[in-house]
Structures are given as C-alpha cells and as structure tokens.
Amino acid sequence: SRHIMCVKFTYAYKLFNKAAKNTYVKDGWQLKDLEFKDCIALSSDNQVVGVVINTLVENPVSNDCLGESFIFENGTYVLAKDPETLLTKRELREDLYKNGFYCDGIKFVRYKRSSGSSRVGKCLFVDERLYNRLHKWDLCGLDIKNGDEIDLAGLESYISLPSSSIIDTIELEAKNFLIVDDYNSVFDDIVIGVDYVNGHLTSSEVRQKLSNSIFDGQSLMDKSVFGEYLDKGFLLLRNRFFKSACFNSNIQQFFKDNKITDISQLNGRTIADKIEDIKIITTPSSIKYLKFGSLNQWLDKLDTTFGVVKYEKPPHYFNGKMVQCHYQLINTLQLEENDVEEFVTPNLEYIAKVRNDPDILRYHIQYPFEEIDKCELTPLLSRNEIIFKMLGINNNFCKTKLYLDFRNDLIKSMMKNLKRGHVLVNGNYSVLLGNGYEMLLHSIGQFNGKSVLGIGNIYSKRFAYNQTILGSRSPHINSGNIYLAQNKQVDEIDRYFNLTENIVYVNSIGENLLQRLNGAD
C-alpha cells in the first residue's frame with residue numbers, strides 16, 4: 001500500500017544530498033525539477049543546485065561556483081568534502097516524529113515500531129487520514145489520554161505485535177481460552193555472584209535465592225486447533241497485545257482422563273460454556289494487555305484471527321540429523337589441541353569425500369536425484385545452474401575444468417566455514433517447552449509444585465533416552481550458557497504432548513535453568 005511506509009534513518013540531511021547514482025541535489029530542490037547540462041543543474045539565478053560527479057565534463061564551471069563541497073579534477077566533478085550537515089540523523093528523526101512529512105502529496109505521520117525495528121532505527125509512518133482509526137484498533141479498547149502515566153516503551157512494543165511477518169492464520173475464539181496464574185519456583189542455589197568491591201568488579205561462588213517463572217511466554221494448545229500444522233510441535237502466535245509459543249497438546253484428552261466435565265472444575269479464568277470449548281491454556285505473561293487493562297476487556301475486544309509467525313524446523317544438514325556448531329560454544333568447551341583435532345576430523349573426512357566423490361558432492365548440494373529429461377530445453381541463466389543441470393546428465397562432466405573449478409570453490413567455502421567454528425555435529429536447534437505437564441495439572445488445581453521430569457533431566461525425541469546431552473544457548477552469550485542433562489522418557493509427556501524432534505521438554509522447578517541460559521523464555 002502506498003499509504004504506509006517503513007522509514008530507515010540512514011543518512012543525515014545535508015546542504016547537498018545524494019538523490020541518484022553520482023547525483024547530488026541542493027537542499028530545497030527536487031531531482032525531477034532539475035535539468036542537467038554537462039553534469040550541472042542551475043537555478044534561475046545561475047546558482048549550482050545539482051551536480052553529477054565522476055562523469056566526463058566538456059565545459060566545466062569554475063570551482064568558485066561549485067562551492068566548498070565539489071571541485072573539478074581530472075575531467076570530472078568530484079566530491080571534495082562532505083556537504084554541510086543541516087540536520088543530523090537524530091535531529092531528522094525528532095523532526096519527522098513530531099511533524100511528519102509529505103510524499104506524493106500524502107501527509108505521513110509517525111505510526112509505530114517494533115522492538116526489533118527500534119534496535120536498527122526503523123519506524124512505520126502512515127497516511128495521516130488513517131492514523132486515528134489504526135491507532136484505535138491497536139489500543140484494543142484501552143482509553144489512554146495524552147498526559148496519562150504509562151509504561152510508554154512497553155506500550156509501544158506491544159501495539160506493534162500485530163505488525164510481525166506471518167506465514168498463516170488460525171482461528172481462536174475468546175471462549176477457547178483458559179487463563180491460569182503464572183507460577184514462580186523459588187529456591188536456593190550456588191551461583192557465580194558478581195559484586196562491586198573496593199572499586200572493582202569481583203566474582204565468587206555464593207548461595208543465592210532464585211525465582212523462575214516456569215510458564216513464562218508459553219501456552220498449551222489442543223491438537224484440534226493445529227489444522228494443517230498438526231505435524232508441528234508448536235506455533236508462535238501473535239495478536240493484539242498477545243504473543244505466545246503454543247505447544248501441540250492433548251488438552252481434551254487430559255480433561256477426560258482426569259474426569260473434568262464441568263467448567264467449575266477448572267483452576268483459572270474463562271468465559272467458556274462447556275469443557276469442550278477449552279482449546280488453549282495460557283497465562284498472564286502471554287497477554288500483555290493485562291499490564292494496562294482487564295482480562296474481560298481483552299476477551300471482549302479479542303480478534304479471532306491469530307497470526308502464525310513460525311514453527312519449529314529441522315536443520316538443513318543430513319536430513320536434519322546434523323547441525324552447524326558455532327565458535328562461541330567451542331570456546332566455552334575449552335578444548336585442548338588434540339580435542340579440537342578429534343572434534344573436526346569427521347568434518348575434514350566429509351570434505352575429502354566431497355572432493356573425491358561426485359555422488360557425495362551431489363548429496364551435499366542437495367541435488368534432486370530424479371531422472372532428468374534430456375530432451376527438455378530450458379534456458380540456463382547462470383554458471384551454477386549449468387553445472388547443476390550437467391551433474392545429472394553425464395558422469396563425464398565431472399572430468400571437465402568447469403566441474404573441477406566449481407568443486408574447488410565449494411571446498412574452499414566449506415573450509416572457510418569450518419575455520420569460523422561452523423562444525424557439523426550430531427544435534428539440532430530445539431524450541432524449549434518448560435514444565436508443560438505441570439501446566440496441565442495447574443489448569444485443574446492439582447499442581448503441587450513438583451516436576452514430573454525432575455532436576456537435571458530433559459525430554460527429547462531426537463536423542464536416545466538415558467544418555468547425557470550437552471545443551472547450549474544459541475545465540476551464545478557467555479561461557480555459562482551450557483547445560484548438561486540426562487535425556488529421560490516420561491509417560492505423561494508422551495501421552496499429553498505431540499512433540500517433534502525439534503522440541504525439547506525442560507524443567508525449571510527448583511533448577512537454575514532459565515538464568516543459566518540467559519532468559520530462556
């Protein structure tokens with residue numbers, strides 16, 4: 001739509017601004033209004049208002065006419081120094097946020113920006129005529145007046161939740177929600193404490209009281225809602241003032257097994273008429289509206305269409321069985337030279353096979369092995385496309401210089417990747433589900449504060465049970481972001497959760513997992 005645009009504050013506003021390739025236009029003038037002759041555009045009073053640099057000039061104007069920013073040199077105009085700055089990026093941002101701007105005759109005003117956009121300095125602007133209606137929809141019934149005391153940064157972040165990119169939508173009604181209280185597990189543990197002593201930061205082992213919000217940011221959603229995503233273990237959903245990782249669960253089966261037949265037996269808040277209406281169990285931590293308004297207000301204003309932002313995906317290597325490591329984890333492990341040699345040897349052997357065996361190379365580049373129609377004539381638009389096609393037509397192609405050059409470039413790329421710490425290891429990137437069974441028990445008032453999984457254990461279908469698994473936060477922040485745990489099979493998790501190999505069930509009850517992984521919510 002031409003009525004909304006994303007603005008990036010990349011440049012300051014200067015006396016002469018770059019308007020096209022090698023083309024500078026003076027403040028107050030537009031490129032479309034200028035007529036360039038011999039790389040110069042003049043105003044009616046013969047002032048230079050446009051300059052094309054790095055292009056041959058036949059009859060140059062004097063350097064005095066060009067001002068301080070441009071000079072004539074070696075047959076072309078060149079930029080002598082940066083033009084005078086009229087507005088810095090900060091001043092430009094403040095001006096546009098306050099006053100807006102015009103584009104194609106439309107007055108644009110500041111609309112909103114997500115927390116991700118704020119980190120890189122982007123912001124959405126919208127046609128002024130649409131702003132009031134859009135902002136009213138964003139507020140979801142909140143009555144916020146100019147001058148009210150409010151968490152402005154939080155509000156700005158939450159009203160931007162529906163602006164995320166989505167891959168699909170699903171339907172959920174207000175009566176499908178059961179909202180249970182968040183639960184904090186409080187316990188003592190030995191941690192590395194950092195203190196400021198005598199003007200210096202010091203670290204030492206100390207016993208400290210910790211608190212984990214074990215259901216933070218997650219929901220359980222009945223498998224009947226997943227539709228075409230029934231083979232997925234979780235969907236990341238967003239709506240107005242709502243974001244949550246919703247895990248594929250057998251909620252109705254759990255109710256049936258525990259003889260829950262009436263709404264009055266539930267431990268939470270819902271407007272459902274019958275047990276069968278409950279499709280999603282969530283907590284206040286996923287409903288950001290509760291920081292500003294009431295639950296009844298949010299349910300009353302709830303849009304039934306939820307955006308699906310993403311779901312879990314397997315790694316790209318060896319049919320999802322291998323994943324690229326990263327240098328931060330390798331540094332954390334503090335390997336010695338012989339350990340590193342043992343660690344990278346399988347990767348070096350694989351690279352050698354790619355070098356020596358064309359079939360392994362085909363496998364590495366994920367070549368489609370179905371039979372190629374040799375009579376099909378389609379245009380080949382690149383060198384790689386030619387190589388890709390020829391690999392399936394004739395094995396003798398592997399003896400050509402074209403193939404050998406391609407292979408050597410591929411090997412160099414693989415070696416460069418390996419040196420960066422991108423070592424292929426047996427594993428995957430997994431989404432964390434925390435204490436899901438306890439969340440089910442909490443929904444019917446039977447949670448006693450204990451974990452069915454237990455301290456020091458995880459549940460993952462990806463690895464064999466009863467073996468030690470090395471877990472690592474990604475992206476890695478510090479050397480403490482590793483977690484050694486035992487992979488344990490649990491019947492209750494098997495029965496009530498439809499997890500994939502790319503989801504790991506973890507415990508944070510009485511266990512310092514969330515802080516160790518720097519906020520694994």
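Residues numbered from 1 in each chain as written. Predicted model: local features only at pLDDT ≥ 70, side-chain atom pairs only at ≥ 80, totals over all residues. Heavy atoms only, no water.

Student: So what exactly am I meant to see when it comes to the sheet that holds strand 17 (residues 218–222) here?
Tutor: Two pairing modes exist for strands in a sheet, parallel and antiparallel, and in both the strands are linked by backbone hydrogen bonds. With mixed pairing, seven strands are arranged side by side in an open sheet as 13-21-18-19-17-20-14. The open sheet has two edge strands with one neighbour each: strand 13 (168–171) and strand 14 (177–179). Shown here is a sheet whose adjacent strand axes are inclined to one another by a mean of 35°, direction ignored. As paired strands, strand 17 and strand 20 (residues 280–282) are joined by two bridges and run antiparallel to one another. What sits directly across from Met221, in strand 20, is Ile280. (Pairing = 2+ DSSP bridges. Helix = DSSP H or I, 4+ residues; strand = E, 2+ residues; numbered from the N terminus. Axes fitted to C-alpha atoms, helices over the stretch in contact; angles between N-to-C directions.)

Student: Explain the sheet that holds strand 4 (residues 23–26) to me, please; I cannot follow it from the model alone.
Tutor: The sheet built from four strands is open, its strands ordered 3-4-6-5 with antiparallel pairing. With partners counted over all chains shown, the strands left at the sheet margins are strand 3 (16–20) and strand 5 (40–42), one partner each. Across this sheet, the average inter-strand angle for adjacent strands is 25°, counted without regard to direction. Strand direction decides the pairing type here: strand 3 and strand 4, joined by four bridges, are antiparallel.

Student: Explain a negative patch on the surface here, please?
Tutor: The grouping of Glu336, Glu337, Asp339, Glu341 and Glu342 at the surface amounts to a negative patch. Following the sequence through the fold, Asp339 ends up in helix 9 (residues 337–356). (Patch = residues over 30% accessible without salt bridge, like charges linked within 9 Å, V, L, I, M, F, W, Y side chains within 5 Å. Areas by Shrake-Rupley, 256 points an atom, 1.4 Å probe, with all protein chains shown as cover. Salt bridge = Lys/Arg side-chain N within 4 Å of Asp/Glu carboxyl O. Lys, Arg positive; Asp, Glu negative; His and termini not counted. Charge placed at Lys NZ, Arg CZ, Asp CG, Glu CD.)

Student: What am I meant to see in helix 9 here?
Tutor: Between its first and last C-alpha, helix 9 extends 27 Å over 20 residues, near the 28 Å set by a 1.5 Å rise per residue. Of all the bends in helix 9, the greatest reaches close to 40° and is centred on Val344; the proline Pro346 follows between one and four positions later. Along helix 9, the positions that sit buried rather than exposed are Val344, Asn347, Tyr350, Ile351 and Val354. Tucked into the core, helix 9 has its buried residues touching helix 10 (358–364), helix 12 (401–419) and strand 23 (424–426). (Expected span 1.5 Å × (residues − 1). Bend = angle between axes of the 7 residues up to and from the residue. Buried < 20%, exposed > 50% of the residue type's maximum accessible area, 1.4 Å probe, protein only. Contact = heavy atoms within 4.5 Å.)

Student: What is the right way to look at the environment of Phe226 in this model?
Tutor: If you trace the backbone, Phe226 turns up in the loop between strand 17 and strand 18 (234–239). Its relative accessible area of 1% is what places Phe226 among the buried residues. In this structure, the C-alpha to C-alpha distance between Phe226 and Asn248, residues 22 residues apart in sequence, is 7.5 Å. In this view, Phe226 contacts Met221, Lys232, Phe234, Leu235, Cys246, Phe247 and Asn248; residues no more than four positions away in its chain are not counted.

Student: What am I meant to see in the side chain of Asn347 here?
Tutor: Along the polypeptide, Asn347 turns up in helix 9. In this structure Asn347 comes out as buried when scored by relative accessible area, which is 10%. Setting aside its immediate chain neighbours within four residues, Asn347 contacts Leu418, Val423 and Leu424.

Student: Sorry, what's going on with the state of the cysteines here?
Tutor: This structure, assessed with the given rule, holds zero disulfides. No disulfide involves Cys6; its sulfur sits 7.8 Å from that of Cys123, the nearest cysteine. (Disulfide = S-S within 2.5 Å.)

Student: How should the pattern of salt bridges be read in this particular structure?
Tutor: In a structure, side chains of opposite charge can pair up when their charged atoms sit close to one another. Overall, the coordinates contain 16 salt bridges when judged by the stated rule. In this structure, Glu68 engages Lys81 in a salt bridge whose closest nitrogen and oxygen atoms are separated by 3.4 Å. Linking Glu68 in the loop between helix 1 (63–66) and strand 7 (70–73) with Lys81 in the loop between strand 8 (76–79) and strand 9 (85–87), this pair joins segments that are 13 residues apart in sequence. Across the pair Asp405 and Lys401 runs a salt bridge, and its minimum N-O distance is 2.7 Å.

Student: So what exactly am I meant to see when it comes to the environment of Leu236 here?
Tutor: With respect to the element layout, Leu236 can be found in strand 18. Look at Leu236 and you get buried, because its relative accessible area is 18%. Excluding its chain neighbours within four sequence positions, the residues that come into contact with Leu236 are Ser244, Ala245, Gly307, Val308, Val309 and Lys310.

Student: Is there a simple way to think about the packing of aromatic side chains in this case?
Tutor: Two descriptors summarise a pair of aromatic rings, namely the distance from one centre to the other and the angle between the planes of the rings. Taken as a whole and judged by the stated rule, the model has 29 aromatic pairs. Residues Phe9 and Tyr97 carry aromatic rings whose centres are separated by 6.0 Å and whose planes lie at 85° to one another, so their mutual orientation is edge-to-face. Taken together, the residues span a long stretch of sequence, with Phe9 in the loop between strand 1 (4–8) and strand 2 (13–14) and Tyr97 in helix 2 (residues 89–99) at a distance of 88 residues. On the basis of relative accessibility, which here comes to 9%, the residue Phe9 falls in the buried class. For Tyr97, a relative accessible area of 24% translates into the label partly exposed. With centroids separated by 5.6 Å and ring planes inclined at 90°, the aromatic side chains of Phe177 and Trp298 adopt a geometry described as edge-to-face. Of this pair, Phe177 sits in strand 14 while Trp298 sits in helix 7 (residues 295–301), and the two are 121 residues apart along the sequence. For the pair formed by Phe177 and Trp298, the shared burial category is buried. Every member of this aromatic cluster is reached through a ring pair, and the members are Phe9, Tyr97, Phe101, Phe108 and Phe125. The ring of Tyr97 has Arg110 lying over it, and the distance from NZ or CZ to the ring centre is 4.7 Å. For the cation-ring pair, Lys313 lies above Tyr311, with the distance from its terminal atom to the ring centre recorded as 5.6 Å. (Phe/Tyr/Trp six-rings, centres within 6.5 Å; stacked < 30°, edge-to-face > 60°. Lys NZ or Arg CZ within 6 Å of the ring centre and 35° of its normal.)

Student: Hey, could you run me through the environment of Ile53 in this one?
Tutor: Looking at where Ile53 falls in the secondary structure, it is placed in the loop between strand 6 (48–52) and helix 1. For Ile53, a relative accessible area of 7% translates into the label buried. Along the backbone, Ile53 and Thr76 are 23 residues apart, and their C-alpha atoms lie at a distance of 6.4 Å. Among residues more than four places away in sequence, those in contact with Ile53 are Asn22, Tyr24, Phe70, Tyr77, Val78 and Leu79.

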